[in-house]
Amino acid sequence: MKLETVLTGHHFAFKSVKEVLAKANEKKSGDTLAGIAASSDLERIAAKEVLSQMYLSDLREHPVVPYEEDEVTRINQDSIDEEVYRVIRGWTVADLREFILDYHTAEEDLHTLSRALTSEMVAAVCKLMSNMDLVYAASKIRVPAVCNTTIGLRGTMATRLQPNHPTDDLEGITASLFEGLSYGCGDALIGLNPVSDTSARLGEILKRFDDIRSRFEIPTQICVLGHITTQIEAIRGGAPADMIFQSIAGSEKGNRAFGFSAETIREAQQLLAEKGKAKGPNVFYFETGQGSELSSDAHFDADQVTMEARCYGFAREFHPFMVNTVVGFIGPEYLYDSRQVIRAGLEDHFMGKLTGLPMGCDCCYTNHMQADQNDIENLSMLLGAAGVNYILGVPASDDVMLNYQSNSYHDAAAVREILGLRPIREFERWLEKMGIMENGRLTDRAGDPTIFTAKGGRG
């Protein structure tokens, strides 16, 4: 395995596969903070050249966290289809890129390929792609999933309706929920981030969501994004739930810092099989975001794109309904500005799709980041073109509880109309019945939450 090259008379030598992966990454403030980024653009290009000629077997044999020390590595490695892997193990990363982007490579070819890729391979090929490459490659792949409805079908783009409230006030939550529904949001999920992570509070909100869903016969999913152990407690106490949420990391140490392990996920899976309300088999909602492992000193000197890819290798084991990269939520320490956020959003979406996951994105930024709403709208349009399963919707783009900026309720409607996309089909039929949508476009009644209060809703 060759870990050196010469560019413009300069000799570059790298100590390990991990170092090549880190220095081949596009510029990210998190990698600089960790002290593992390329020292110059020339060194970054040199690392990309070395990486492009690396065999896929080299990447499998050198995971960034050792197999013996990490359950994320073990889960990812043990899931590989060995028959397919034997076909591609002698490919270089450049060969993999060419195959993915080849006009004649069909979606089914990419699904077959996905079963043989470790997270390090996925991260490696991502680093050799331009932004347009990432959009084009991801657009070739669709990953549907089924909970109560089916997400991810070609021609659709769904939304997670996020009616957060700074005090978890039920009437305030309900008002935001009705407004979001009136703009055609909520087909992927009605999902709230609670202020108070207690089983009693989670149960109270879930019961309100379930009551509204039942009363208006809304074909969707509900979830309250508390800690996985709190959700387990709430469901055991009788709270209605379709799926369970958890933020995940790319290493076992990172997941333990989040307060769970793979065994906790399996426990939740068994509980939902016994007491969950979902009609379909996909009952998990996972969230990720580049840089979280560095926050908990669980990155093992690996770059944040590679650690993000490892999140997806872990998630694949549990066949989720939704995976969401909350791309700009952590802040400028890890993604400094809009250029880095947009790149990360496209990377995460592509890597998740190539891993075989139903990917969505919270196109967001924090108020101390060098980004604004135009940048997030740009990312939303790019992801819509790339075939993203869903984006988020919050009131007026401003989440007053989490104190960050995301897409507004009406942004999704604009992206759908521009790109010829539709909501999840069952949800679209419901919108038509409510008079909110007709022939794929919002009607004059859209944006009027009294549609629901006039029919006996709260708020």
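Scroll up a little and you will see the structure.
Residues numbered from 1 in each chain as written. Predicted model: local features only at pLDDT ≥ 70, side-chain atom pairs only at ≥ 80, totals over all residues. Heavy atoms only, no water.

K.L.:
Tell me about the packing of helix α7 (residues 93-101) against helix α8 (residues 107-114), and name the residues and values.
P.N.:
Each pair of packed helices can be summarised by the angle the axes make with each other and by the distance between the axes. Look at α7 against α8: their axes get within 10 Å of each other, and the N-to-C directions meet at 145°. On the side of α7, the interface is formed by Leu-96, Phe-99 and Ile-100, while α8 contributes Asp-109, Leu-110 and Leu-113. When the residues that make up the contact of α7 with α8 are grouped by side-chain class, the tally is 5 nonpolar, no polar and 1 charged. (Axes fitted to C-alpha atoms, helices over the stretch in contact; angles between N-to-C directions. Helix = DSSP H or I, 4+ residues; strand = E, 2+ residues; numbered from the N terminus. Contact = heavy atoms within 4.5 Å. Nonpolar A, V, L, I, M, F, W, Y, C, P; charged D, E, K, R; others polar.)

K.L.:
Summarise the pattern of salt bridges; cite the residues concerned and give the values.
P.N.:
The final tally for this structure, using the stated rule, is 32 salt bridges. One salt bridge connects Lys-253 with Asp-297, and the closest N-O pair in it is separated by 3.9 Å. Pair noted here: Lys-253 is in helix α14 (residues 252-257) and Asp-297 is in the loop between α16 (292-295) and α17 (304-315), with a separation of 44 residues, a long-range link. Residue Lys-253 is classed as partly exposed on the basis of its relative accessible area, which comes to 41%. (Salt bridge = Lys/Arg side-chain N within 4 Å of Asp/Glu carboxyl O. Buried < 20%, exposed > 50% of the residue type's maximum accessible area, 1.4 Å probe, protein only.)

K.L.:
Before we move on, can you summarise the pairing of strand β9 (residues 284-288) with the specific residues and values?
P.N.:
Burial analysis of β9 places 5 of its 5 residues in the buried class, the great majority of the element. Of the two faces of β9, both are covered, the one formed by Phe-284, Phe-286 and Thr-288 as well as the one formed by Tyr-285 and Glu-287. Two elements, strand β8 (residues 244-247) and β9, share 4 bridges in a ladder whose sense is parallel. Paired with Ser-247 across the strands is Glu-287, a residue of β9. Across 4 bridges, β9 lies against strand β10 (residues 322-326) in parallel orientation. Bridge assignment links Phe-286 to a residue of β10, and that residue is Val-323. (Pairing = 2+ DSSP bridges.)

K.L.:
Report on α7, specifying residues and quantitative values.
P.N.:
Taken together, the buried positions of α7 are Val-93, Leu-96, Ile-100 and Leu-101. Projected down its long axis, α7 carries its buried residues within an arc of 120°, all on one side. (Arc of directions from axis to C-beta.)

K.L.:
Got a sec to walk through the side chain of Asn-389? Specific residues and values, please.
P.N.:
Along the chain, Asn-389 falls in the loop between α19 (373-386) and β12 (390-393). Overall, Asn-389 belongs to the buried group, its relative accessible area being 2%. A polar contact is formed between the side chain of Asn-389 and the backbone oxygen of Val-143, at a distance of 3.3 Å. In this view, Asn-389 contacts Val-143, Ile-151, Gly-152, Met-157, Ala-158, Lys-353, Pro-358 and Met-359; residues no more than four positions away in its chain are not counted. (Polar contact = N/O pair within 3.5 Å; in protein donor to acceptor, adjacent residues only side chain to side chain.)

K.L.:
Outline the pairing of strand β11 (residues 359-362), supporting the account with residue identities and numerical values.
P.N.:
Taking every second residue as pointing to the same face, both faces of β11 are buried, with Met-359 and Cys-361 on one and Gly-360 and Asp-362 on the other. Of the crossover connections in this fold, the one passing from β10 over helix α18 (residues 338-355) to the parallel β11 is right-handed. (Right-handed = clockwise from strand over helix to strand, strands pointing away.)

K.L.:
Can you explain α8? Please cite residues and give values.
P.N.:
Three or four residues apart is the spacing at which side chains of an α-helix point the same way, because the helix has 3.6 residues per turn. Burial in α8 covers these residues: Leu-110, Leu-113 and Ser-114. For α8, the angular spread of buried residues about the axis comes to 100°, placing them on one side. Buried residues in α8 make contact with α6 (82-88), α7 and α18.

K.L.:
Any details on the environment of Gly-254? Residues and values, ideally.
P.N.:
Within the element layout of this structure, Gly-254 appears in helix α14. C-alpha of Gly-254 to C-alpha of Ser-292: the two residues are 38 residues apart in sequence and 7.9 Å apart in space. In this structure, Gly-254 is in contact with Ala-249, Ser-296 and Ala-298, ignoring residues within four places of it in sequence.

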